[in-house]
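Secondary and tertiary structure notes
What follows is the residue order along each chain.
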Amino acid sequence: MSGLASDGGLFLPESFPRLPKAFLLNLKGKSFEEIALAVSRKYIRDIPEKDLKKIIRESFNFDIPLKNISEDLYVLELFHGPTLAFKDFGARFMARLMNYYMKKNPGGGKLNIIVATSGDTGSAVARGFYGLSNVNVFVLYPSKRVTDLQEKQMATLGGNITAIEVRGSFDDCQRLAKQALNDPELKSRIVVSSANSINFGRLLPQSFYYFHGVSQLLKLTDDKAMSGVVFCVPSGNFGNLTAGLMAKRMGLNVSGFIAATNFNDVVPRYLQSGKFVSRVSRQTISNAMDVGNPSNFARMTEMFHDNVKQMRKEILGFMVSDEETRKTIRNVYRETNYLIDPHTAVGISASVKCGLKNPIIVLSTAHPAKFRDAVEPVIGKKISLPPALRAIMNKTKKSVLMKDNPEELKKIILKVNRS
Ligand SMILES: *Cc1c(COP(=O)(O)O)cnc(C)c1O
C-alpha cells in the first residue's frame, strides 16, 4: 500500500521463492489462472485462495496469445486488456489487491487514489480501478493536451472515477496531485495514496506472463523448445524486464533476456561499458519507452549485486533507431501480414540483430491501433480501432473542469467522499 519505502527506496523481496519442481516440469498446458495463482501464493499469504482466485480471474479477463511470426520468432500479445497495452496487467491486479485490503480494514473508509497524467498512465489506472467499491480515483490531466482517445478513456467512465481537467500543463497537474497527497487536512479526513508505477504490486503480475509464454511455447512446439528460450523485452523504465528476471529467479527455464530500447539506451550502454550514465530523454516514435533514467534500474543492479559481468550473462542490450523501427513495421507487415506497433517493432528488430539461434519470445506491449499515428504512414493504410475503443469514442466526457488551484481540488475530493 505504500508504494515507496520510507527511505525513498524501492521494495524488493529479500529472496525469491522457488516454485515447486512439479509445477515447473508440468508448465505445459497450465492455464494462465493456475500459473498466476501458483506464483502469487508465494508472495501473498494473507488472502485466502478463493479470494485470490477471484482477484486473478477479474484482473486478467482477456486473451494472452502467443503467435509464431517466423521460424524461431514468437510474439506474446500483452495488449488485449482494456487500454490496449501491457500496463493493464499491473494496474488491474494492483487495483484489486488494494481494493481487497481496504475492504478487510474495518472502519478504514475508502482509499483515494490521486494521479496526474499526460495521457497513458491515467487511462490504465482509471480503467484498472473502475468499478471497485472501496476506492475513489481522481485523475488530473491537462486540458486540451491529451489525445481525444486518451481523454475518452479516462473521462467517460464515471462511477468511482473522477476525471479532472485542469486548465494548465502536465507539470501543474503533477504539482496539484503532490500537494493533495501531502495536504494535512485531507490526510486527517480521508485515506489518500498514489498509484505509483514502481509499486511492487505492479511488478508481480508481470512475472506471470513469462511462465505463460513458456507454457504456450511448449504447446506450440511440442516440447522442442524445452530449453534455451530467450525473452526480448521492449524497455523504458525496465519494470517489465525486472519481472522477467524475477520469473527466472523463481525457477522458470529461460536462457536470457534481450533489453531492447529505442534511442534512449542508457541500459544497453551500461551493459557495454559498465558505467551507468542517465541522460535527458529524447522523443521517439516508441514514446512509452522514452526514459533517460529508468526507475527499475536500481532493482536490476540489486538483483545482480552491482556486478555488470553477472548482468551480461543474462541480459543482452540493443538500441533500435526510429528508422529501423519503421523498417521493421513495414517488413513484418509485408512479409507476414502481421501488424505491430512501434514498441513491439523495437523488440523484433533487436531480436533479429542479436543473432541468437534460440527461440525468442518478443513481448508485444501495445496494440498497433493505439499508436496508429505512427503506424499508418509507415504501412500506407488506415488502421481501424478495435470495437471496444470505437464504442468509447461515441461517449460523452464527464470531467470536472478546474483552475490550477489546490483548494478547488480539495473541495472536489472531499465532496466525492461525502456522497
Ligand atoms: C510502459 C511501456 C513500455 C516500457 O515498459 P517498462 O516496464 O517501463 O520498461 C513499453 N511499451 C509500451 C507500449 C509501454 O506502455
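Source: prediction; values computed, not measured.

Definitions and cut-offs
Residue positions are given per chain, counted from 1 along the sequence in the order it is written. Only residues with pLDDT of at least 70 get local features here, since the model is predicted, and only at 80 or more are side-chain atom pairs given and counted; chain-wide, interface and lining totals rely on the full set of residues. To obtain the side-chain values, all non-hydrogen atoms of the structure were used and water was disregarded. Numbering goes from the N terminus for both helices and strands, where a helix is a DSSP run of H or I of at least four residues and a strand is a run of E of at least two. Restricting the calculation to C-alpha atoms gives the radius of gyration, and the globule rule supplies 2.2 Å times the number of residues raised to the power 0.38. Only protein chains enter the accessibility calculation, which uses a 1.4 Å probe. A residue is then buried if its area is under 20% of the maximum for its type, exposed if over 50%, and partly exposed in between. Any two residues whose heavy atoms approach within 4.5 Å at even a single point are treated as in contact. At least two DSSP bridges between two strands are required for those strands to pair. When the strands point away from the viewer, a crossover counts as right-handed if the path from the first strand over the helix to the second runs clockwise. The pairing test for Phe, Tyr and Trp rings, Trp by its six-membered ring, is centres within 6.5 Å, and the orientation test on the planes gives stacked under 30 degrees, edge-to-face over 60, and tilted for anything in between. Consider the ring centre and the ring normal. A charge sits over the ring if Lys NZ or Arg CZ is within 6 Å of that centre and within 35 degrees of that normal. Summary of the distance rule: residues count as near a molecule or strand when at least one heavy atom falls within 4 Å of that molecule or strand. Under this definition, polar contacts are N or O atom pairs within 3.5 Å; protein pairs additionally need one hydrogen-donor-capable and one acceptor-capable atom, and for neighbouring residues in sequence, both atoms have to be side-chain atoms. Accessible surface is estimated by sampling points in the Shrake-Rupley manner with a 1.4 Å probe; for residues, cover comes only from the protein chains shown. Under this grouping Gly is polar, as are all residues other than the nonpolar Ala, Val, Leu, Ile, Met, Phe, Trp, Tyr, Cys and Pro and the charged Asp, Glu, Lys and Arg. Note on method: axes are straight lines fitted to C-alpha atoms, helices fitted across the in-contact stretch only, with angles between N-to-C directions ranging 0 to 180 degrees. Any angle that is under 35 degrees is reported as roughly parallel, and any over 145 degrees as roughly antiparallel; angles of 65 to 115 degrees are reported as roughly perpendicular and all others as oblique. For any helix crossing, the convention is left-handed if the near helix is rotated counterclockwise from the far helix by under a right angle, and right-handed if that rotation is clockwise.

1. Quick notes on the overall build of the protein
Along its length, the protein carries 18 helices and 11 strands. The C-alpha atoms of the protein give 21 Å as radius of gyration, which agrees with the globular expectation for 419 residues (22 Å, within 12%). With the C-alpha coordinates of the protein rotated into their principal frame, the extents come out at 60 × 50 × 45 Å. Counting over 419 residues, the protein shows a buried share of 57%. Summarising the internal contacts of the protein: among those between residues at least 6 apart in sequence, 74% fall at separations of at least 24.

2. Thoughts on the pairing of strand β7 (residues 230–234)
Along a regular strand, successive side chains alternate from one face of the sheet to the other. The element β7 is extensively covered by neighbouring structure, given that five of its five residues are classed as buried. Pairing of β7 with strand β8 (residues 256–261) involves five bridges; the strand directions are parallel. Paired with Val233 across the bridge in β8 is Ala259. Following the chain from β7 across helix α10 (residues 239–249) to the adjacent parallel β8, one finds a crossover that is right-handed.

3. What about the packing of aromatic side chains?
Throughout the structure, instances matching the rule amount to 18 aromatic pairs. Between Tyr270 and Phe297, the ring centres sit 4.9 Å apart and the planes meet at 85°, which makes this aromatic pair edge-to-face. With Tyr270 in helix α11 (residues 266–273) and Phe297 in helix α12 (residues 297–303), the pair connects residues that are 27 residues apart, well separated along the chain. For Tyr270, a relative accessible area of 5% corresponds to the buried category. Following the ring pairs from residue to residue traces out a cluster consisting of Phe32, Phe60, Phe62, Phe89, Phe93, Phe208, Tyr209, Tyr210, Phe231 and Phe257. Here Arg249 stacks its cationic end above the ring of Phe304, 5.0 Å away from the centre of that ring. The ring centre of Phe263 lies 3.7 Å from the NZ or CZ of Arg282, which sits over that ring.

4. A short note on the site of the ligand
In the vicinity of the ligand lie 14 residues, with Lys87, Gly236, Asn237, Phe238 and Thr365 positioned nearest. At 2.8 Å from an oxygen atom of the ligand is found a main-chain nitrogen or oxygen belonging to Gly236. Here the ligand loses 93% of its free accessible area of 380 Å² to cover by the protein chains. In the shell around the ligand, the residues fall into six nonpolar, seven polar and one charged.

5. Regarding helix α2 (residues 32–41)
Since the α-helix packs 3.6 residues into each turn, any two residues three or four apart lie on the same face. Where α2 is concerned, the buried positions are Phe32, Ile35, Ala36, Leu37, Val39 and Ser40. Contact partners of the buried residues in α2: α1 (21–25), α3 (49–59), α4 (87–104) and α9 (200–221).

6. Points about the sheet that holds strand β11 (residues 400–403)
Pairing in this open sheet of five strands is parallel, and the strands run β6-β3-β4-β5-β11 from one edge to the other. This sheet does not close on itself; its edge strands, each paired only once, are β6 (191–193) and β11. The mean inter-strand angle of the sheet, taken between neighbouring strand axes irrespective of direction, is 25°. Relative to strand β5 (residues 161–167), strand β4 (residues 135–142) runs parallel, the two sharing six bridges. Bridge pairing links Val139 to Ala163 in β5. Its contacts with the sheet put helix α7 (residues 170–181) on β3 (111–116), β4, β5, β6 and β11, and the angle it makes with β3 is roughly 155°.

7. Observations concerning the side chain of Lys370
Locating Lys370 in the fold gives a position in the loop between β10 (360–364) and α16 (372–379). Contacts of Lys370, omitting those with residues within four sequence positions, involve Thr83, Leu84, Ala85 and Asp120.

8. Brief notes about the packing of helix α5 (residues 120–129) against helix α6 (residues 148–155)
With their axes 8 Å apart at the nearest point, α5 and α6 run at an angle of 25° to one another. When the axis of α5 is compared with that of α6, the two are roughly parallel. Two packed elements cross with a definite hand, and for α5 against α6 that hand is left-handed. On the side of α5, the interface is formed by Asp120, Gly122, Ser123 and Arg127, while α6 contributes Gln150, Gln153 and Met154.

9. Observations regarding the pairing of β4
Within β4, eight of the eight residues are buried, leaving the element largely enclosed by the surrounding structure. Burial of the side chains of β4 extends over both faces: Val135, Val137, Val139 and Tyr141 are buried on one face and Asn136, Phe138, Leu140 and Pro142 on the other. The parallel pair β3 and β4, bridged by α5, forms a crossover whose chirality is right-handed.

10. Overview of the sheet that holds strand β9 (residues 315–319)
Strand order in the open sheet formed by six strands is β1-β2-β10-β7-β8-β9, with mixed pairing between adjacent strands. Each of the sheet's edge strands pairs with one partner strand only, and the pair in question is β1 (66–70) and β9. Each strand axis lies, on average, 25° off the axis of its neighbour in the sheet, ignoring direction. Against the sheet, α10 touches β7, β8, β9 and β10, its axis set at about 180° to β8. Docked against the sheet, α11 engages β8 and β9, running at close to 125° with respect to β9.

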